[in-house]
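# Structural overview
Residue strings, one per chain:
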2 protein chains.
Amino acid sequence: MSMDDLKTSRRGFLMSSAAAGGALLAAGTARAEGADPLITEVQDWASGLGDGVDATPYGMPIEFEADVVRRNVPWLTADPISSINFTPIHALDGTITPQGCAFERHHSGAIELRKEDYRLMINGLVDKPLVFAYADLERFPRENHVYFCECAANTGMEWAGAQLNGAQFTHGMIHNMEYSGVPLRTLLEEAGMDAAGDLSDKWVYVEGADASSNGRSIPMEKALDDVLVAFKANGEALRKEHGYPVRLVVPGWEGNMWVKWLRRIEITDHAVESREETSKYTDTLADGTSRKWTWVMDAKSVVTSPSPQSPITHGPGPLVITGLAWSGHGAITGVDVSIDGGANWQKARLAKPGAKMALTRFYLDIDWDGSEMLLQSRAHDETGYVQPTKAQLREVRGLNSVYHNNCIQTWHVNTDGSAENVEVS
Amino acid sequence: MSMDDLKTSRRGFLMSSAAAGGALLAAGTARAEGADPLITEVQDWASGLGDGVDATPYGMPIEFEADVVRRNVPWLTADPISSINFTPIHALDGTITPQGCAFERHHSGAIELRKEDYRLMINGLVDKPLVFAYADLERFPRENHVYFCECAANTGMEWAGAQLNGAQFTHGMIHNMEYSGVPLRTLLEEAGMDAAGDLSDKWVYVEGADASSNGRSIPMEKALDDVLVAFKANGEALRKEHGYPVRLVVPGWEGNMWVKWLRRIEITDHAVESREETSKYTDTLADGTSRKWTWVMDAKSVVTSPSPQSPITHGPGPLVITGLAWSGHGAITGVDVSIDGGANWQKARLAKPGAKMALTRFYLDIDWDGSEMLLQSRAHDETGYVQPTKAQLREVRGLNSVYHNNCIQTWHVNTDGSAENVEVS
């Protein structure tokens, strides 16, 4: 087909379109500008050359997507060194989170640690205390798994009311990557766990190489189950901010336990009761007592679009409602979506069957009538658990909590397609 | 646990290690330097602060991984504008390929196309020719799928003999991403395919917006089966070099048909026989005739490590052999690995059950005796097909081919752990 042929068939198309009554833009007949730019403003055929394959040995997003980045909320913490940023989940689709825009949380900043300088110590109640170099870890049998990592404080600002205006900020302390690494069980066995005797009451205490050390105690049962000592995420080396060269992956459990720059694992006969599991990462109830060892992230979901940062940009008609669901207790089995603040629910379509401790993408394709909506989603997991409302959660937990807010989120969508974060009773 | 406690327990560990006879480095006792640097050179505890969460809104790989990038082979083509680069598969693990290091192939360079300027035309034998704006595409029901994309010329330089020294260069014209998009079937139905009558002998002709247009004909049966009009890869917008904002995804079929910057889809009653499917992307046999419409990528595999760019850096003992397998005909059902040039085969472990038209990661964990190896892998797919040897393939196809070389690859691993690309008879 020559360029002349193309021009001919294009002219043919424009004529036939005109004949068909201007049905040029399919679902988008209600686009803001109203007119079809093709009629008044015919695009040139591309004739210039683009960039060669040597332009970017490692590529970045195109400039037009420059707003799809991690964002910080400056007032949230005293200093960015001990703060958090948020994954732009409102702008993503599918389930995999690219490392470059996967949220970070640091307690003393992201440190730079060379593979050559990296050491991992296993000590405590073991036959032979060991120190592994990075190259040693690469010699043990590896596994691959996709898991979500959610900060326990995700949605934490929402306990008191609707505060942050956007899914990135209310629910963006989460990412979902394919990890490659060695089961922790393998390394513990290498060190000889028999010395510990009965393992049922033992713990591992894990520490990072950063100044905070971020030590956490993990019950041995979990340590031997599915915890990974990971060195790759989405195929490539962990990024510096995600713990290069080695981090712990603790499927379904709060992100604080996924220790980055993993330095030491001690087998103990007790929980260490570190700062990170006493004064932090516990949930203070209404009566002043605190829930402790609240490791597992309960089932949760959020509509990512439409949402405050991802408004509807067209009029009534076909609309894709989409979002993410996940559970630290296993696979998501279903997601319901409501457009009227929970009065009625429709079953959303899952893009794939739910997988254990991994994000599930859901869609609800509706014919929007252009009226206001109170958009909600509600996750179900394989244990039969159903995501609670904010009122239900507050009834049990009170208003003092920071962590483990997995309540149903509501977006108020206006007739012009804009949306905001609201509470419904 | 205070810093003092940590110091105490660390001292305790060093003493106990000494008592245990210096068994400090586990599998890595044969590390090149021999001595344990921890004994002579105790690392400082991290005490300085790292980077805050505002340091990199969009992150890049750490500087120490600067060699894990796409690479071009300058002599391969006349100009980088119409050339190809290679995914660093030798350095990756798992199955997902990050967009930033996923190979590129351009026919007239990677072009910059704004979403606002983007239009997709469907014309030809349809009831109502349509032009979709980008925002229109977002209003149709979406799907998510992980698929590999392999250039038909992947491994093409190896037909004549072992030429390129590294898995990145012999097999790196492949990537594997999670796509989000609209089934092509949905858009064709929107345009009213009934006008075409019997669909069994119809085709779609697809074009890109770049100067090459890179037009290809696709039989209607495939177009209606699993082809996606995709706008996201691994969650985020397609990168410029992968067709931003919209590319075609043609699962299991040669990468040339995955048209980038997708501009036009015409329903026709014949194949267009474009340049890209006549003078190119056909396979010339020994007798001078050419195979045509060789769309599907046959089952194939390669050991990615050890390999010339990923040598063994330690002595005898535990060694992880790993690689990738894939088939355009469906799921990988098994991979065999040989360390003696195909005389004996061992069943490799698949990291996950094979998925249709997606990369499968395999591992074989061996106790390397330190002697030379002739490393090979052999893929099996769900159709019962077994990846052929180079001799078998040459017998059928001769030596004139460029495309569709899916033969078994051999790496010669030396006693010092280095490796090179060789042929075995």
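About the cut-offs
Residues numbered from 1 in each chain as written. Chains lettered and ligands numbered in written order. Predicted model: local features only at pLDDT ≥ 70, side-chain atom pairs only at ≥ 80, totals over all residues. Heavy atoms only, no water. Pairing = 2+ DSSP bridges. Helix = DSSP H or I, 4+ residues; strand = E, 2+ residues; numbered from the N terminus. Axes fitted to C-alpha atoms, helices over the stretch in contact; angles between N-to-C directions. Buried < 20%, exposed > 50% of the residue type's maximum accessible area, 1.4 Å probe, protein only. Arc of directions from axis to C-beta. Contact = heavy atoms within 4.5 Å. Phe/Tyr/Trp six-rings, centres within 6.5 Å; stacked < 30°, edge-to-face > 60°. Lys NZ or Arg CZ within 6 Å of the ring centre and 35° of its normal. Buried area = accessible area lost by both parts, 1.4 Å probe. Salt bridge = Lys/Arg side-chain N within 4 Å of Asp/Glu carboxyl O. Polar contact = N/O pair within 3.5 Å; in protein donor to acceptor, adjacent residues only side chain to side chain. Nonpolar A, V, L, I, M, F, W, Y, C, P; charged D, E, K, R; others polar.

What follows deals with the sheet that holds strand S8 (residues 216-219) of chain B. Strand pairing within a sheet occurs via backbone hydrogen bonds; the two strands may be parallel or antiparallel. All names here are of chain B. Spatial strand order, S4-S3-S12-S7-S8: 5 strands in an open sheet with mixed pairing. Edge positions in the sheet fall to strand S4 (130-133) and S8, since each has one partner strand and no second. Mean inter-strand twist for the sheet, computed between neighbouring axes without regard to direction, equals 20 degrees. The pairing of strand S3 (residues 119-124) with S4 spans 4 bridges and is antiparallel. For Ile-122, the partnering residue across the bridge sits in S4 and is Leu-130.

Residue and element names in this part refer to chain B. Taken residue by residue, helix H7 (residues 390-397) has Lys-390, Leu-393 and Arg-397 as its buried positions. The buried side chains of H7 occupy one side of the element, clustering within an arc of 65 degrees when seen end-on. Turned more than 90 degrees away from the buried face of H7, the exposed residues are Glu-395 and Val-396. Residues of H7 that are buried sit in contact with strand S13 (283-284) and strand S14 (290-291).

Once that is clear, we can look at the packing of aromatic side chains. Overall, the coordinates contain 22 aromatic pairs over all chains when judged by the stated rule. Here Phe86(A) and Phe169(A) contribute two aromatic rings whose centre-to-centre distance is 5.6 Å and whose plane-to-plane angle is 70 degrees, an arrangement assigned as edge-to-face. With a gap of 83 residues between them, Phe86(A) in strand S2 (residues 85-86) and Phe169(A) in helix H4 (residues 167-171) connect regions that are remote in the sequence. Judged by its relative accessible area of 1%, Phe86(A) falls in the buried class. A residue is classified by how much of its surface remains accessible, and Phe169(A), at 16% relative accessible area, is buried. Taken together, Trp203(A), Trp253(A), Trp293(A) and Trp295(A) form an aromatic cluster joined through their ring pairs. Lying over the aromatic face of Trp345(B), Arg378(B) brings its terminal NZ or CZ to 4.1 Å of the ring centre.

Accessible area lost when the parts come together is the quantity often used to give the size of an interface. The interface is formed by 121 residues belonging to chain B together with 120 residues belonging to chain A. In total, about 10,200 Å² of surface goes out of reach between chain B and chain A, with carbon and sulfur atoms giving 57% of it. Counting every contact that joins chain B to chain A gives 8 salt bridges. With its nearest N and O atoms 3.1 Å apart, the salt bridge here joins Lys115(A) to Glu65(B). Linking chain B to chain A there are 46 residue pairs in polar contact (both at pLDDT 80 or more). No other element matches the 7 residues that helix H1 (residues 3-19) of chain B contributes to the side of chain B that touches chain A. Classifying every residue of the side of chain B that touches chain A gives 56 nonpolar, 30 polar and 35 charged.

This paragraph deals with the pairing of strand S12 (residues 262-268) of chain A. Residues and elements named next belong to chain A. Most of S12 sits out of view: 7 of its 7 residues are buried. Sheet topology places strand S3 (residues 119-124) next to S12; 4 bridges connect them, and they run parallel. Bridge pairing links Ile-122 to Ile-265 in S12.

This part takes up the side chain of Ser180(A). When you line up the elements, Ser180(A) lands in strand S6 (residues 174-183). Ser180(A) gets classed as buried once you look at its relative accessible area, which sits at 0%. For Ser180(A), the side chain forms a polar contact with the side chain of Asn144(A), separated by 3.1 Å. Discounting residues that sit within four places of it in the chain, Ser180(A) has contacts with Glu143(A), Asn144(A), Ala230(A), Phe231(A), Lys232(A), Asp93(B), Gly94(B) and Tyr363(B).

Below, the discussion takes up the sheet that holds strand S17 (residues 332-338) of chain A. Residue and element names in this part refer to chain A. An order of S18-S17-S21-S22-S23 is seen for the 5 strands of this open sheet, with the pairing classed as antiparallel. A single partner strand is all that each edge strand has here, and the edge strands are strand S18 (346-347) and strand S23 (419-422). Of the pairings in the sheet, the one linking strand S22 (residues 410-413) to S23 comprises 4 bridges and is antiparallel in character. Paired with His-412 across the two strands is Glu-420, which belongs to S23.

Going through the model one piece at a time under the given rule, you end up with 52 salt bridges over all chains. Linking Asp201(B) and Lys202(B) is a salt bridge whose minimum nitrogen-to-oxygen distance equals 2.9 Å. When its relative accessible area of 9% is taken as the criterion, Lys202(B) is described as buried. As a salt-bridge pair, Lys222(B) and Asp226(B) come within 3.1 Å of each other at their nearest N and O atoms. Since its relative accessible area comes to 8%, Lys222(B) is described here as buried. Connected through shared salt-bridge partners, Glu207(A), Arg263(A), Arg264(A) and Glu266(A) make up one network.

So, about unusual backbone geometry. As a rule of thumb, non-glycine residues mostly have phi less than zero, and peptide bonds are mostly trans rather than cis. Looking along the chain, the bond that leaves Tyr244(A) and enters Pro245(A) is cis, with omega of 5 degrees. Backbone torsion omega between Ser305(A) and Pro306(A) reads 0 degrees, so that peptide bond is classified as cis. For Asn214(A), which is not glycine, the phi torsion reads 50 degrees and is therefore positive. Tracing the sequence through the fold places Asn214(A) in the loop between strand S7 (203-208) and strand S8 (216-219). Phi is positive for Tyr281(B), close to 60 degrees, though the residue is something other than glycine.

Another point: the environment of Lys240(B). Inspection of the secondary structure puts Lys240(B) in the loop between strand S10 (236-237) and strand S11 (247-249). Among the residues examined, Lys240(B) registers a relative accessible area of 15% and is labelled buried. Counting along the chain gives 130 residues from Lys240(B) to Ala110(B), while the straight-line C-alpha distance between them is 6.6 Å. Ignoring sequence-local partners within four residues, the contact set of Lys240(B) consists of Asp51(A), Ile62(A), Ala110(B), Ile111(B), Glu112(B) and Trp261(B). A polar contact of 2.5 Å, which involves the side chain of Lys240(B), links it to the side chain of Asp51(A).

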